[in-house]
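An overview of the molecular structure
So you can see what is in the structure, the chains are spelled out below.
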Amino acid sequence: MSGAARSEADAAFARLAGFTAKIPRLRWFAAVGTTLTPPVIAAAETYVAALGLAPCPVVTVGGWREAAATAQRPDWSRDWWQAEGACERALQGQAAAQFGLELLLAALTDVTEAAAGIRDRAAAALARAGLADEALAKVAAGAAAQACHQQGLALLAGDAAAPAFAAKFALFAAGRWPLGIVGGTCFVF
Amino acid sequence: MSATAAAPIKSVGALKAAPDDYQLAVRKIVRSHAVNELYGARVYDEPAIALAPTPYLKWLTCRIAMEEYGHHVRFRQLGEQMGIPESEMTPEGRKPLSIFEFPLQTWEEFCVVKLLADLAEIIQVEDLMKCSFLPLRNLAKVTMPEEIFHSQFGKDTCTELVKTGDGRKKVQAAIDHYFPMMPAFFGKKDSANNALYRKYGIKQRTNEDMRADFLKRVRDLVEGHLKLKLPEVAEAA
């Protein structure tokens, strides 16, 4: 590896280490169920546009039960899920070519381990709403962990590599849960 | 120090004073769990994310895959403390169990894998919860709630699937294909390894006992609860 490449790799892994350290300190699910603010709506619109999808209304859901029901609707957008998957695969290929697959996976394992504690934060948010639902806590934690993984990949591939994942992660960091595109609407809990 | 159920070995450090065959037995168990938790996550849990029919189930499967990888990490960390080479704790270094040879193609198959294989895993982990090597006993206790959740996930999703005629057929077909692989998971009858494990209180039950317990519990689930048919299989491995 040349000196310049090593310095670029050091910078990428430093970005990722900073991000990983931040994960336990975020306000996971602290703002779910509250009114959507203009910055939250703007982040959701950026997320949709950056995935290359048509603009759609951004709407919230009232509570955890409604969030669970929304995530189980049969009319969820396959295009949305596939666009995320394509973006993820492109970033993984890019980062693996740059740093090697083994190093990349080791770094992402650190992100996943840092994200493991999000289940407890989801369970606590459910408890504040008077609910005890282990499956739903794990669903929310799974969605958040996926966002951490995606943003981790984006940071390794370069700061501006994936604005969609940065916008999605910003929604989680603001205490929300982006539920994706269902029935032509982008739902943010 | 002699290693028996009455005189548990409290730490990895104390393990060094245990008889050689005790150390070997514990290493085999830790290595096997490290390899198979990782391989199971790779061939079943992670691919199942793409097969899941809704975002809710995709995210839940993401979390389950994370937990299965997490089990590997915990067993690998214990193995590292015990001096087991890292290369022996991955599927690249050690052959995984035959239950992972089932080629996963559908969501229904994944639900059946969780229903059957995670119940089998619970039975193994239940036995380790009385293990004379306390670091392994503690690991079993930490792992158990997640194993129970995974098995319950299999039961819940299969219960939903069998509500339709098509789902019922698919779940039955998956059971027909996968269940015959399960009895071998508990090891051979009159196994020398198992005799050694029991001699030292590392495990409590014979392979035959655990297999019989599994068959009873799985029959209750499949025939009693789901009202499906369990294929006939040879009970002895």
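Everything discussed here concerns the structure shown above.
The shown structure was predicted, so the numbers you read here are calculated from the model rather than taken from an experiment. (Residues numbered from 1 in each chain as written. Chains lettered and ligands numbered in written order. Predicted model: local features only at pLDDT ≥ 70, side-chain atom pairs only at ≥ 80, totals over all residues.)

Notes on the overall build of chain A
Within chain A, the regular secondary structure consists of eight helices and three strands. Its C-alpha radius of gyration of 17 Å places chain A within 12% of the 16 Å reference for a compact globule of 189 residues. Overall size of chain A, expressed as C-alpha extent along the three principal axes, is 55 × 35 × 30 Å. Within the span of chain A, comprising 189 residues, buried residues form 42% of the whole. (Helix = DSSP H or I, 4+ residues; strand = E, 2+ residues; numbered from the N terminus. Rg over C-alpha atoms; globule rule 2.2 N^0.38 Å. Buried ≥ 20, exposed ≤ 12 C-beta atoms within 10 Å, placed from the backbone.)

Quick look at the pairing of strand E2 (residues 178–182) of chain A
All names here are of chain A. Among the five residues in E2, five count as buried, and that is most of the element. Pairing geometry for E2 and strand E3 (residues 185–188), over four bridges, is antiparallel. Within the sheet, the bridge partner assigned to Pro178 lies in E3 and is Val188. Counted between consecutive antiparallel strands, the loop separating E2 from E3 contains two residues, among which Gly183 sits at a positive phi close to 60°. (Pairing = 2+ DSSP bridges.)

Regarding helix H7 (residues 134–157) of chain A
Spanning 24 residues, H7(A) covers 34 Å between terminal C-alpha atoms, matching the ideal 34 Å at 1.5 Å per step. With 22 of its 24 residues buried, H7(A) lies for the most part within the structure. (Expected span 1.5 Å × (residues − 1).)

So, the sheet that holds strand E1 (residues 58–60) of chain A
All names here are of chain A. Taken together, three strands build an open sheet; the order of strands is E1-E3-E2 and the sheet is mixed. Either end of the sheet is taken by a strand with one partner, and the two such strands are E1 and E2. For this sheet the average axis-to-axis angle between neighbouring strands, irrespective of direction, equals 25°. (Axes fitted to C-alpha atoms, helices over the stretch in contact; angles between N-to-C directions.)

Focus on the interface of chain A and chain B
With 16 residues of chain A in contact, the opposing surface of chain B contributes ten residues. Sorting the residues of the side of chain A that touches chain B by element identifies helix H3 (64–71) and H7 of chain A as the ones contributing at least two each. A per-element tally of the side of chain A that touches chain B places H7(A) first, with nine residues. Its residues assigned to classes, the side of chain A that touches chain B comprises nine nonpolar, five polar and two charged. (Contact = placed C-beta atoms within 7 Å. Nonpolar A, V, L, I, M, F, W, Y, C, P; charged D, E, K, R; others polar.)

A closer look at the packing of helix H2 (residues 38–50) of chain A against helix H8 (residues 163–173) of chain A
Residues and elements named next belong to chain A. Contact geometry of H2 with H8 gives a least axis separation of 8 Å together with a crossing angle of 150°. The orientation of H2 with respect to H8, classified from their angle, is roughly antiparallel. The handedness of the crossing between H2 and H8 comes out as left-handed. The residues of H8 that touch H2, namely those facing Val40, Ala43, Ala44, Thr46, Tyr47 and Ala50, are Pro163, Ala164, Ala167, Lys168, Ala170 and Leu171. Residues that form the contact of H2 with H8 fall into these classes: ten nonpolar, one polar and one charged. (Parallel < 35°, antiparallel > 145°, perpendicular 65-115°, else oblique. Left-handed = near helix turned anticlockwise from the far one by under 90°.)

Some thoughts on unusual backbone geometry
Note: most peptide bonds trans; most residues except glycine with negative phi. Here the phi dihedral of A:Phe29 falls at roughly 65°; this positive angle occurs in a residue that is not glycine. The phi dihedral of B:Lys227 is positive, around 60°, even though this residue is not glycine. Structurally, B:Lys227 is set in the segment after helix H8 (207–225). When the 9 C-beta atoms within 10 Å are taken as the criterion, B:Lys227 is described as exposed.

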